[in-house]
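Architecture and fold: a report
Spelled out from the first residue to the last, the chains are:
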Amino acid sequence: MVTPMTAQGTQLSPVEVGYLSAGPGRAAETALARLLDAGLVRVSRDGRVSAVHQHGHRGNTPVEARMHKSVQTPVSFNKVVKTAAYSTEMQALHRQLLNDNLMRKARPRAQAWWVFLGAGVLLTVLGFLLPGFFIGAVAFLLIGFWARGSSPVTREGKAVLKNVTASDRVLAVALYGFAGNVASQKVGDLFELSQSVVKMIPLKRKKKSAGSSCGSGCGSSSCGSSSSSCSSSSGSSCSSGSSCGGGGGGS
Amino acid sequence: MAGITDLGVGIGWRSEIDLTVERLPGVDFVEIVAENIHLGNLRGDQRSHLPESVRLLLERGIPVLPHAVSLSLGGADQVDLDRVRHLGEVAEAVGAPMVSDHVCFVRAGGLESGHLMPVPRTKDALDVLVENVKLAQRNLPVPLALENVAALLEWPDGELSEGQFLAELVERTDCWLLVDVANLYANARNIGTDPERFLDEIPLERLAYVHVAGGEQHGDIYHDTHAHAVLPEVLGVLDELCSRVKPPGVLLERDDNYPSDTEIASELAAIRAVVDKHRA
């Protein structure tokens, strides 16, 4: 597995890549992918995840270890992801990404951001007829851009993500989710997961006005549900409203 | 028994490891716990109510044998015919050549024990057991095999050894025997019975198949957990059995703490090695 590195040379785990890519839900999916890849859990036909009992093997990261512990008795696929996305270990991972300057506190997108932006554009046009409108145009455009919110992923975080490719099936989950596609193949198929199992994870809702960060726009079990980390910083694409769900994948 | 000449080596199908069972090499037959199968209203195709994995195994031609845990044939109460009927329906749904349960009771006086309780080995208890077995047989569409259980206690005033008890049960009911070698080992460890004497006393020509399972020692007690690796000593009892008779089938039971597919496959291989040693 090719492990992505930050500009400072810090190695990122696939789970961290998943978080940067699409928030805590995707990170949770990635942790599950890691456990599946390592043969530490198995999934039944009806989508129940259970631990494979091997002495001393619990997963590489705190999120993976927590997930492994949570499936000592079988738990449904979607619940495993949701529980991990909400976990304190995931919140700690988020704090780590903030400390590493790969993420920042996101400014939530105002619901009517486009109204300000539209008004700014209109005033700009009117400014060509009556230059006094330019003052108002600048003000509205500034407010509009501000109200549009900001990505929770920093420039450095985006730079790291840009260099990550789906070089293996775990990173494929980190980047696209189990429900996504890579090289015209369904990512879930790489793990021999049936589509009925993959679809247990609720798909993200694509919503143009992604209210408070991803709280309303990323309605999967991942992003939208993980209040603490999500409201401040879900995935990079979340605040742009284009593709945010950890659960959704398919970017 | 019609249709059962050589089952081979099998594994207990459990929903948690359904894909593992499907993928494992060398699984010749499987056993399903009848109480875990819900067939619905039985209108239309009964197989459509079976778990997808079980249907798939049947399509591959792998025999699926229902194994019951709740008939309580050794109980003082008359066997519950609803439970017998369900077992029979499961047998028909999977086209099984036989079904099985245990020589035990699991309820008494309206209380469920939650365990397979050993039957007192007295003539009176045998009479009760025989009546229940005969009643069950009359209401089952296929032959019934009965399994020896692991016991942590022996009831007082026993008149027969376990082997003698089962031999008389077979003689009076014409039932088949499902010999669990792990239970024989557990009883040897916990209550000092002799597996070889047991094998000497039972009619081996009525052997339907054999169970093998893992367990663990806790203090002075060996627990037949079905959640740990099969001990070499249990395979030793299987070896002893195979030296006397060619078992039609041998099945690995694993009910919890499922290990990796590789580990399960190696346990099956170890069982097969014991069986093949005597066939050679």
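Not measured: the values here are computed from a predicted model. (Residues numbered from 1 in each chain as written. Chains lettered and ligands numbered in written order. Predicted model: local features only at pLDDT ≥ 70, side-chain atom pairs only at ≥ 80, totals over all residues.)

**A word on the overall build of chain A**
Scanning chain A from terminus to terminus reveals twelve helices and five strands. Considering only intrachain contacts with a sequence separation of at least 6, the fraction spanning at least 24 residues in chain A is 67%. (Helix = DSSP H or I, 4+ residues; strand = E, 2+ residues; numbered from the N terminus. Contact = placed C-beta atoms within 7 Å.)

**Quick look at the interface of chain B and chain A**
Frequently, the measure chosen for interface size is the accessible area that the parts lose on association. Taken together, the contact between chain B and chain A spans twelve residues of the former and eleven residues of the latter. Residue assignment for the side of chain B that touches chain A shows that the elements contributing at least two residues are α1 (18–23) and α2 (52–59) of chain B. Per element, the largest residue contribution to the side of chain B that touches chain A is three residues, and it comes from α1(B). For the side of chain B that touches chain A, the per-class residue count stands at four nonpolar, five polar and three charged. (Nonpolar A, V, L, I, M, F, W, Y, C, P; charged D, E, K, R; others polar.)

**A short note on unusual backbone geometry**
Within the chain, A:Ser184 stands out as a residue other than glycine whose phi angle is a positive 55 degrees. As for its position among the elements, A:Ser184 is in the loop between β4 (181–182) and β5 (185–186). Take A:Ser184: there are 5 C-beta atoms within 10 Å of it, and that puts it in the exposed class. The backbone of B:His226 sits at a positive phi, close to 60 degrees, despite the residue not being glycine. Locating B:His226 in the fold gives a position in the loop between β11 (221–223) and α8 (232–244). (Buried ≥ 20, exposed ≤ 12 C-beta atoms within 10 Å, placed from the backbone.)

**Overview of the sheet that holds strand β1 (residues 41–43) of chain A**
Across a sheet, strands are paired by hydrogen bonds formed along the backbone, either parallel or antiparallel in direction. All names here are of chain A. Taken in spatial order, the three strands line up as β1-β2-β3 in an open sheet, and their pairing is antiparallel. Every other strand in the sheet has two partners, leaving β1 and β3 (75–76) as the edge strands with one partner each. With three bridges connecting them, β1 and strand β2 (residues 48–51) associate as antiparallel partners. Among the inter-strand pairings, Val41 is bridged to a residue of β2, identified as Ala51. (Pairing = 2+ DSSP bridges.)

**Structural notes on the packing of helix α6 (residues 181–191) of chain B against α8(B)**
Helix-helix packing is characterised by the crossing angle of the two axes and by the distance between the axes. Residue and element names in this part refer to chain B. At a minimum axis distance of 9 Å, the contact between α6 and α8 shows a crossing angle of 115 degrees. In this structure, α6 meets α8 at a crossing whose hand is right-handed. Judged by residue contacts, Val181, Ala182, Leu184 and Tyr185 of α6 engage Glu233, Val234, Val237, Leu238 and Leu241 from α8. The class makeup of the residues in the contact of α6 with α8 is eight nonpolar, no polar and one charged. (Axes fitted to C-alpha atoms, helices over the stretch in contact; angles between N-to-C directions. Left-handed = near helix turned anticlockwise from the far one by under 90°.)

**Focus: helix α3 (residues 62–70) of chain A**
All names here are of chain A. Every buried residue of α3 is accounted for by Val63, Glu64, Met67 and His68. Down the axis of α3, the buried side of the element spans an arc of 135 degrees, and every buried residue falls inside it. Each element contacted by the buried residues of α3 is listed here: α1 (14–22), α2 (24–37), β1, β2, α4 (77–86) and α5 (88–99). (Arc of directions from axis to C-beta.)

**Notes on the confidence of the model for chain B**
Summary statistics for chain B give a mean pLDDT of 94 and a share of 95% for residues scoring 70 or more. For this predicted complex, the interface score ipTM comes out at 0.86, while the overall pTM is 0.82. (pLDDT = per-residue confidence, 0-100.)

**Focus on the pairing of β2(A)**
Residues and elements named next belong to chain A. Residues Arg48 and Ser50 of β2 are buried on one face, and the alternating residues Val49 and Ala51, pointing to the opposite face, are buried as well. Where β1 hands over to β2, the hairpin turn is made up of four residues, of which Gly47 adopts a positive phi near 80 degrees. As defined by bridge partners, β2 adjoins β3 across two bridges and the pair is classed as antiparallel. The partner of Val49 across the bridge, within β3, is Val75.

**Observations regarding helix α8 (residues 155–162) of chain A**
Residue and element names in this part refer to chain A. Buried within α8 we find Gly157, Val160 and Leu161. Mapping the buried residues of α8 onto a view down its axis gives an arc of 100 degrees, with all of them on the same face. Projecting away from the buried face of α8 at angles above 90 degrees are the exposed residues Arg155 and Lys162. Those residues of α8 that are buried lie in contact with α1.

**Concerning the environment of B:Met117**
Residue and element names in this part refer to chain B. Looking at the secondary structure, you find Met117 in strand β6 (residues 111–117). By the C-beta count within 10 Å, which is 21 here, Met117 ends up buried. Met117 sits 61 residues away from Leu178 along the chain, and the two C-alpha atoms are 17 Å apart. Residues contacting Met117, with those up to four places away along its chain left out, are Cys104, Phe105 and Val106.

**Structural notes on the pairing of strand β8 (residues 176–180) of chain B**
All names here are of chain B. With five of five residues buried, β8 is to be regarded as a mostly interior element. Across the two faces of β8 the burial is the same, with Trp176, Leu178 and Asp180 and Leu177 and Val179 all buried. Relative to β8, strand β7 (residues 144–147) runs parallel, the two being bridged by three bridges. By the bridge assignment, Ala145 is partnered in β8 with Trp176. Of the pairings in the sheet, the one linking β8 to strand β9 (residues 207–213) comprises four bridges and is parallel in character. Bridge pairing links Asp180 to His211 in β9.

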